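# Summary of structural features
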Amino acid sequence: MTKTKPLNVIKANASNPKVWVVIGVAVAGIVVLAETRRRRRRAKMVMDRADFGAFLERFTMIPFPQPPPPAAKQTLIGLTFAIKDTFDVKDYVTGFGNPDWKNTHDPAEKTAMAVTALLKNGATCVGKTVMDELGFGITGENKHYGTPINPQMPSHVSGGSSSGSAVAVAAELVDFALGTDTIGCIRIPAAFCGILGYRPSHGAVSTIGVLPNAQSLDTVGCLACDASILHRVVHSLLQLNTVEPRRTRRFIFANDLFQLHKVPMQKTLSVISKVIENLSGYQPPKHMNIGQYITSSVPSLKAFCEQNENLQNGSSTLKALSSVMISLQRYEFKTNHGEWVKSVKPKLASDISSQVQEAINSTHENIKMLYKVRTEMRATLQSLLKDDGILVIPTVADSPSKVNINKVYSVESHDRALLISSISSMSGCCQVAIPLGKHDDCPISVSFITFHGGDKFLLDTMLDMYSSLQEQASIASNSAPLPDANGNIDTSELLKEKGNAAFKGKQWNKAISYYTEAVKLNEMNATYYSNRAAAYLQLGCFQQAEQDCSKAISIDKKNVKAYLRRGTARESLLCYKEAAQDFKHALVLEPKNKAASVAEQRLRKLMS
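We now turn to the structure provided with this report. Residue positions are given per chain, counting from 1 as you read along its sequence in written order. In view of the model being predicted, local features appear only for residues whose pLDDT reaches at least 70, and side-chain atom pairs are presented and counted only at 80 or more, with totals across whole chains, interfaces and linings using the full set of residues. As a convention, hydrogens and water are excluded, and side-chain values are obtained from all of the structure's heavy atoms.

With that settled, the discussion passes to the pattern of salt bridges. Note on definitions: salt bridges are taken to be side-chain nitrogens of Lys or Arg within 4 Å of carboxyl oxygens of Asp or Glu. Under the defined criterion, the tally for this structure stands at 17 salt bridges. For the salt bridge of lysine 520 with glutamate 517, the shortest nitrogen-to-oxygen distance reads 3.3 Å. Highlighted residues: lysine 520 and glutamate 517, both in helix α18 (residues 508–521), separated by three residues, approximately one helical turn. When a residue's accessible area, from a 1.4 Å probe over protein chains only, is under 20% of the maximum for its type it is buried; when over 50% it is exposed; and in between it is partly exposed. Looking at glutamate 517, the relative accessible area reads 35%, which means it is partly exposed. The partner of glutamate 546 in a salt bridge is arginine 570, and the shortest N-O contact between them spans 2.8 Å. Placement of glutamate 546 in helix α20 (residues 542–555) and of arginine 570 in helix α21 (residues 560–572) is noted, with a sequence separation of 24 residues between them. The same class applies to glutamate 546 as to arginine 570, namely buried. Strands are runs of DSSP state E lasting at least two residues, helices are runs of H or I lasting at least four, and both sets are numbered from the N terminus onward.

Written as structure tokens, this is what we have:
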């Protein structure tokens, strides 16, 4: 039997009006169907924008009823929360941020213990949130489920991997949210979204019912906008005692890490210092180079520092620490999920795929050394902080990148982010990220770290200081930059010579004082700035060194030492491209300069 083509039928019956009625109805149906689909897509987009793309799925898990006396009163009644797509919920498939994972796993038989603890304390769970695939990535982008919109900076990434949880909180869709933190996965999105983020002491909150990325680094943490809510939620998760003897607080500012920060100290350390001055039981802050301290206290790291041995003043050690953290993450991820990756071959975003493949293909002959570094780091921080110390660091160094423009966070920004986050991740210490207003329309975030097991001490400190910190941050945001002193007296050469003598005697601070006085007397002498930069480098004050060298170069564009010193400062700040340019410029001025040649070749390899 031969088939008749539709067009032939129409031609044969062109004069029959019934045929045209049928055609009209069919065309109308197609148009209606297309319009219905378009409206559904538009409605979904509107709905996604309404929840800032934070949620994967919505549901309601009602809290447990209040138990009768003498049971304690539920502390989270009336609060709503969301959970990252790593937490098990009974009868739901935990998706791990990837459709292939979701399609190859069964629904959970039980709800994660952390989620249950919050339900028992009266909170209501309202859904699961978007995350970076398989817990990799720190930008918050997900090619399958979309990138949650950062409410603070809509055109910029929200940070990851707990991106949806951070966005849900920042957009005030929930009172708080649960996430997991392995290498910064709560702290980074908290910083980018301008909210509070808490990483507890490693092992303090149960991870039963939570998909692991790397269990030696994984923690279950919390994000919130309100300090009181964060305090109550983490108390519930940790089952902490409500009363603890009042202790003094001893603050330590990590100057070298704030050198990586892009925010003026007037808006960070100065704010914290002013708050400390007005609180009883808070000792005046001390300053230190945390990189140098770790260098002298974690001997196992020396084996990992060789390739970065030219970086100064602890930068090599911190870079090595972050590389050990990543190696440990890869080893444990491979152990946990390597077989699944090999058998399923999941579809992953290119940047996530490369990280997963590096994990799967990695070999770790020195695995014992990785764990040894972790053990020594915990002992080192315990020795530094004891039971009353709080280390203050920037939560992140850089502002968030724009969505879809820098699809992969730049190598330098990525390195700086991991370098900072590795301190808590590798020591197991607890850390809270605290917002401090904005700089250039970007949220500012600083972090407090204290000893492993000191969660209540840290939470109480955060709650004690929070309102004063916000008040001082607001004042700092509206203040003009502090002016520099200038002068005009021509006796500066003697001061320069005194500075040189102090430098040779390794009296770096004294040398800086002399050079500073020389600059005040003659602000157009490039040598004074360049020499002061050399002293700053010895102290690990890389931003000041870079600024001094830039000033020297603006005065004398042929000052080779200024280019070399600025290159060293920028390399220590992990600004590899700019550092390489400085060393190249030095080579143009002095083609046989060995230091510049070696540095330029080293950076070329590092960037390749």
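Two rings from Phe, Tyr or Trp (for Trp, the six-membered ring) form a pair when their centres are within 6.5 Å of each other. A pair whose planes differ by under 30 degrees is stacked, one over 60 is edge-to-face, and the rest are tilted. One pass over the full model with this rule turns up nine aromatic pairs. When the ring of phenylalanine 81 is compared with that of phenylalanine 176, the centres are 5.0 Å apart and the planes differ by 5 degrees; the resulting orientation is stacked. Of this pair, phenylalanine 81 sits in strand β2 (residues 80–84) while phenylalanine 176 sits in strand β4 (residues 176–181), and the two are 95 residues apart along the sequence. Judged by its relative accessible area of 0%, phenylalanine 81 is buried. Sitting over a ring, as applied to charges here, requires NZ of Lys or CZ of Arg to be within 6 Å of the ring centre and within 35 degrees of the ring normal. Taking the ring centre of phenylalanine 55 as reference, the NZ or CZ of arginine 58 above it sits at 3.9 Å.

What follows deals with the packing of helix α17 (residues 492–504) against helix α19 (residues 526–539). In this analysis an axis means a line fitted to C-alpha atoms, helices contributing only their contacting stretch, and an angle means the value between N-to-C directions, from 0 to 180 degrees. Direction vectors running N to C along α17 and α19 enclose 25 degrees, while the axes themselves pass 11 Å from each other. On the basis of their axis angle, the class for α17 and α19 is roughly parallel. As α17 runs across α19, the sense of the crossing is left-handed. Residues Ser492, Glu493, Lys496, Asn500 and Phe503 of α17 lie in contact with α19, whose contacting residues are Thr527, Tyr528, Asn531, Ala534, Ala535 and Gln538. For classification, angles of less than 35 degrees are called roughly parallel, those exceeding 145 degrees roughly antiparallel, those between 65 and 115 degrees roughly perpendicular, and all remaining angles oblique. In this scheme the handedness of a crossing depends on how the near helix is turned from the far one: anticlockwise by less than a right angle means left-handed, clockwise means right-handed. Only heavy atoms matter for contacts: two residues are in contact if any of them lie within 4.5 Å across the pair.

When DSSP finds two or more bridges between a pair of strands, those strands are recorded as paired. Strand order in the open sheet formed by 11 strands is β1-β3-β2-β4-β6-β5-β10-β11-β9-β7-β8, and the pairing between neighbours is mixed. Each edge of the open sheet is held by one strand with a lone partner, namely β1 (55–61) and β8 (282–288). With direction set aside, neighbouring strand axes in the sheet form an average angle of 25 degrees. The pairing of strand β7 (residues 249–254) with strand β9 (residues 389–394) spans four bridges and is classified as parallel. Bridge pairing in β9 links phenylalanine 253 to valine 392. Contacting β7, β8, β9, β10 (430–439) and β11 (442–450), helix α9 (residues 269–277) crosses the sheet at an angle of about 165 degrees to β7.

On to the side chain of glutamine 259. Along the chain, the position of glutamine 259 falls in the loop between α8 (255–258) and α9. The definition of a polar contact used here is a pair of N or O atoms within 3.5 Å, where within protein one atom must be able to donate a hydrogen and the other to accept one, and adjacent residues in sequence count solely through side-chain atom pairs. At 2.9 Å, the side chain of glutamine 259 and the backbone nitrogen of phenylalanine 542 are in polar contact. Non-local contacts of glutamine 259, meaning those with residues more than four positions away in its chain, are made with Met265, Gly540, Cys541, Phe542, Gln543, Gln544 and Leu573.

A few words on α20. The span one expects for a helix is its residue count, reduced by one, times 1.5 Å. The end-to-end C-alpha separation of α20 is 20 Å, in line with the 20 Å expected for 14 residues at 1.5 Å each. Summarising the contacts, the buried residues of α20 are in contact with α8, α12 (315–344), α19 and α21.

Alternating positions in strand β5 (residues 196–199) separate into two faces, Leu196 and Tyr198 on one and Gly197 and Arg199 on the other, with burial throughout. In terms of strand pairing, β5 meets strand β6 (residues 219–224) through three bridges, oriented antiparallel. By the bridge assignment for β6, leucine 196 is matched with alanine 224. Taken together, the three bridges between β5 and β10 define a ladder with antiparallel strand orientation. In the sheet register, tyrosine 198 faces β10, and the bridge partner there is valine 432.

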